[in-house]
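Summary of the model geometry
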Amino acid sequence: MLLDTEGGTLELFAYEVSRSLVEEWLEGMKSQCINQVELHPVSLALQTWRHRIRVRDIILWIDNEAASFGLIRGTSPVDATRELIAAAQRMLVDIEF
């Protein structure tokens, strides 16, 4: 969801993560991929709203502490999580955040 208080805009998107992507995230993991589910929409949101957030302050609300701290640290010991964090970092660089 994007809440742009300057422009008065409220937008959102939703999507279903494919089973094949969930299976990929679960490779080598015990039973859950909540970090990846929480991180996946971050880079998608940055891509979708890049024109609105360029050169602006933003707040990313993430409901999972491990995912949130991974973004803050910029890395994770879990390969799939680390890849999603890197994707978000690339998007931030691309939009000159």
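I will try to describe carefully the structure that is included in this document.

Time to look at the packing of aromatic side chains. Within this structure, the stated rule accounts for 2 aromatic pairs. When the ring of phenylalanine 13 is compared with that of tryptophan 49, the centres are 5.3 Å apart and the planes differ by 50 degrees; the resulting orientation is tilted. Within this pair, whereas phenylalanine 13 is found in the loop between β2 (9–11) and α1 (19–26), its partner tryptophan 49 is found in the loop between α2 (34–48) and α3 (50–53), the two being separated by 36 residues in sequence. For tryptophan 49, a relative accessible area of 5% corresponds to the buried category. The rings of Phe13, Tyr15 and Trp49 are connected pair by pair, giving a single aromatic cluster.

Looking now at the nonpolar core. Ranked by internal contacts, the top residues of the largest apolar core, which has 18 residues, are Trp25, Leu39, Val42, Leu46 and Ile53. If you list the elements that add at least two residues to this core, you get α1, α2 and α5 (79–94). Among the elements that make up this core, the one with the highest residue count is α5 (5 residues). Aside from chain neighbours lying at most four places away, what touches tryptophan 25 is Val17, Cys33, Gln36, Val37, His40, Ala80 and Leu84.

Glancing now at the packing of α2 against helix α4 (residues 65–73). Contact pair α2 / α4: the axes reach a minimum separation of 8 Å and the direction vectors enclose 50 degrees. When the axes of α2 and α4 are compared, the pair comes out oblique. For the pair α2 and α4, the crossing hand works out as right-handed. Mapping the contact onto sequence places Asn35, Glu38, Leu39 and Val42 in α2 and Ala66, Ala67 and Leu71 in α4.

Locating histidine 40 in the fold gives a position in helix α2. Engagement of the side chain of histidine 40 in a polar contact is seen with the side chain of tyrosine 15, the distance being 2.7 Å.

Glancing now at α2. Given a rise of 1.5 Å per residue, 15 residues ought to cover 21 Å, and the 22 Å separating the end C-alpha atoms of α2 matches this to within 8%. Listed in full, the buried residues belonging to α2 are Asn35, Gln36, Glu38, Leu39, His40, Val42, Ser43, Ala45 and Leu46. The secondary structure elements touched by the buried residues of α2 are α1, α3, α4 and α5.

Let us look at the pattern of salt bridges. The final tally for this structure, using the stated rule, is 5 salt bridges. Here arginine 56 makes a salt bridge to aspartate 4, at a shortest N to O gap of 2.7 Å. Residue arginine 56 is located in the loop between α3 and α4, and its partner aspartate 4 is located in strand β1 (residues 2–4); the two are separated by 52 residues in the primary sequence. By relative accessible area, which is 26% here, arginine 56 ends up partly exposed. Glutamate 6 is paired through a salt bridge with arginine 56; the nearest N and O atoms lie 3.9 Å apart. With glutamate 6 in the loop between β1 and β2 and arginine 56 in the loop between α3 and α4, the pair connects residues that are 50 residues apart, well separated along the chain. Shared partners join several salt bridges into a network, and the residues in it are Asp4, Glu6 and Arg56.

Calculation criteria
- Residues numbered from 1 in each chain as written.
- Predicted model: local features only at pLDDT ≥ 70, side-chain atom pairs only at ≥ 80, totals over all residues.
- Heavy atoms only, no water.
- Phe/Tyr/Trp six-rings, centres within 6.5 Å; stacked < 30°, edge-to-face > 60°.
- Helix = DSSP H or I, 4+ residues; strand = E, 2+ residues; numbered from the N terminus.
- Buried < 20%, exposed > 50% of the residue type's maximum accessible area, 1.4 Å probe, protein only.
- Core = buried A, V, L, I, M, F, W, Y, C linked by side-chain atoms within 4.5 Å.
- Contact = heavy atoms within 4.5 Å.
- Axes fitted to C-alpha atoms, helices over the stretch in contact; angles between N-to-C directions.
- Parallel < 35°, antiparallel > 145°, perpendicular 65-115°, else oblique.
- Left-handed = near helix turned anticlockwise from the far one by under 90°.
- Polar contact = N/O pair within 3.5 Å; in protein donor to acceptor, adjacent residues only side chain to side chain.
- Expected span 1.5 Å × (residues − 1).
- Salt bridge = Lys/Arg side-chain N within 4 Å of Asp/Glu carboxyl O.

Shape descriptors only; they carry no functional weight alone.
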